Amino acid sequence: QPRTAPSNMNSMESENLPRRFAFDGPMGDVIEQHLNDDIRSARLSRKFKIYYRLRPWLPIFLRQRLQRKRNRGMEVDADWYLPKDFIHDWRQAVSDVLAQQSAETLVIHPWPEPYQFASVLTHDVETWEGVKLVPALAELEEKLGFRSAWNFIPYKYNIDAGMLDDLAARGHEIGIHGYNHDGRLFESRGTFNRRSGPINDALDRYRSIGFRAPMVHRNLTWLQQLNIQYDASCFDVDPFQAMPGGVGSPWPMIVGRFVELPYTLPQDHTLLIALGETTPRIWIDKLAYLRRMSAMAMLITHPDYLDTQTRLNVYHAFLEHLSEQSDCWFALPKDVADWWRQRDASRIDSATNQITGPASSQGRPIALRELFVQSDSHDHRTHS
Ligand SMILES: [Zn+2]
């Protein structure tokens, strides 16, 4: 397939950004290779570019019908929510490293003491209807002990500053979800440049440090223009997105000036609307995989789609299951980004086997064998 010169240049630029991964050596190489695959694939087809130009004139029922038709026409494997290519390469790299090590390899555990894995709840608020459903959804989470990040669109609907202050005062986080959600933020560098100033103003205005692009379109090079601590527009695997790709890796990574936090659980829209699931079984199964990988479970739901009792029940049932995971760090994205910086700036002293650097108080060294002994086995094997 021929590629045009500008997009080739974009992917080369992205590959030249300073990037640091959860692990070094062959394991880091696998993460890097899959990130590069995502950067090369993350483009919109001509059909979707035309669709986004026409979208403002299409009635909402027609947009939804087109989306449903596309989702139902998709052929996906039963385990589509697992990044199978990444898992294959990852297992190979881990077993190579374990086979070649002369002494026990120690790494900094991906998460602060005493946690085995992390979970992050996020919401993108798509419409004014969704804004009105925010307080009730926040209350549902709070009753189960959770707090979450709420990403608002700065130039689409009226944002009630009082509601944002209230969410923040109750321990939630506020993030920014694009510019006006028209699907055209990444259509050209010119468009992105024009919109990045107003997006930075909004980040400032709402005291936000995090960003997620609408429709999870992404260009990690252009996103460097935003004044953010983290971006959350990548995913490990999601065959239902208009912009294809998938970074495979379920851990945060440093990309240029920010921490990239990929979402790793399927979106509510995919499960509850496109696939018509009536239980959280897929979320629960993916969570078990993420736990085995000592990874980050990040979920995107939308108050706009959690608008029926049936859908709310599925979300509630998943949160109940999540709340039973006593080895899970229930974190806000800003806390994960902060921890990841500390971990990234720390090392294990080979003389003492202790952590030196900012993660020394909360982090812990762990043998690679111990960390990945479960994830290296097949997915449905029970604990030994
Ligand atoms: Zn959105």
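Refer to the preceding data block for the structure.
The model shown is predicted, which means the values in this text are computed figures rather than measured ones. (Residues numbered from 1 in each chain as written. Predicted model: local features only at pLDDT ≥ 70, side-chain atom pairs only at ≥ 80, totals over all residues. Heavy atoms only, no water.)

**Side note on the side chain of T122**
Stage number 1. Topologically, T122 is positioned in strand β3 (residues 117-125).
Stage number 2. At a separation of 3.1 Å, a polar atom in the side chain of T122 contacts the side chain of R212.
Stage number 3. Among the polar contacts listed, one links the side chain of T122 to the backbone oxygen of L299, at a separation of 2.8 Å.
Stage number 4. Those residues in contact with T122 that sit more than four places away from it in its chain are A149, N151, R212, M298, L299, I300, T301 and P333. (Helix = DSSP H or I, 4+ residues; strand = E, 2+ residues; numbered from the N terminus. Polar contact = N/O pair within 3.5 Å; in protein donor to acceptor, adjacent residues only side chain to side chain. Contact = heavy atoms within 4.5 Å.)

**Considerations on the nonpolar core**
Stage number 1. Counting 107 residues, the largest nonpolar core has F23, W90, F152 and W251 as its most contacted members.
Stage number 2. Looking at this core, the element that brings in the most residues is helix α5 (residues 84-100), giving seven residues.
Stage number 3. If you look at the next biggest cluster of nonpolar residues, it comprises seven residues, including A42, F48, Y52 and M215. (Core = buried A, V, L, I, M, F, W, Y, C linked by side-chain atoms within 4.5 Å. Buried < 20%, exposed > 50% of the residue type's maximum accessible area, 1.4 Å probe, protein only.)

**Here's the deal with the layout of surface pockets**
Stage number 1. In this structure, the largest pocket occupies an estimated 1200 Å³ of space.
Stage number 2. Forming the boundary of the largest pocket are 38 residues, of which Y51, R55, Q67, H269 and Y305 lie nearest the centre.
Stage number 3. Those elements giving two or more residues to the lining of the largest pocket turn out to be α3 (46-54), α4 (60-73) and α9 (268-274).
Stage number 4. For the lining of the largest pocket, the leading source of residues is α4, giving nine residues. (1 Å grid on protein atoms, 1.4 Å probe; cavity = no way out; pocket = protein on both sides within 12 Å on 5 of 7 lines; lining within 4 Å. Points joined across faces, edges and corners; volume = space filled by probe spheres on them.)

**Brief notes about the packing of aromatic side chains**
The relation between two aromatic rings is expressed through the spacing of the ring centres and the mutual angle of the planes.
Stage number 1. Taken as a whole and assessed by the stated rule, the structure comprises 21 aromatic pairs.
Stage number 2. Ring geometry for F86 and W251: centres 6.5 Å apart, planes at 65°, overall edge-to-face. Remark: W251 occurs in the loop between β7 (230-231) and β8 (253-255) and F86 occurs in helix α5; sequence separation between them is 165 residues.
Stage number 3. A relative accessible area of 1% places F86 in the buried class. (Phe/Tyr/Trp six-rings, centres within 6.5 Å; stacked < 30°, edge-to-face > 60°.)

**Observations regarding the pairing of strand β4 (residues 149-152)**
Stage number 1. Residues of β4 alternate between two faces, with A149 and N151 on one and W150 and F152 on the opposite face, all of them buried.
Stage number 2. In this structure, β3 lies alongside β4, joined through four bridges in parallel fashion. The partner of H123 across the bridge, within β4, is W150.
Stage number 3. Crossover handedness for the path β3 to helix α6 (residues 128-143) to β4: right-handed.
Stage number 4. Examined bridge by bridge, β4 and strand β5 (residues 173-176) share four bridges and lie parallel to one another. Residue pairing across strands places N151 opposite G175, the latter belonging to β5.
Stage number 5. As for the winding sense of the linkage, the β-α-β connection from β4 through helix α7 (residues 161-169) to β5 is right-handed. (Pairing = 2+ DSSP bridges. Right-handed = clockwise from strand over helix to strand, strands pointing away.)

**Some words on the coordination of the zinc ion**
Stage number 1. With distances of 2.1 to 2.5 Å, the protein atoms coordinating the zinc ion are E126 (OE), E126 (OE), H177 (NE2) and H181 (NE2).
Stage number 2. Seen from the zinc ion, its four donor atoms lie at angles of 55 to 147°, and the figure they make is irregular. (Donors = N, O, S within 2.8 Å, 3.2 Å for Na, K, Ca; no water. Tetrahedral: all angles 85-135°; square planar, octahedral: opposite > 155°, others 65-115°.)

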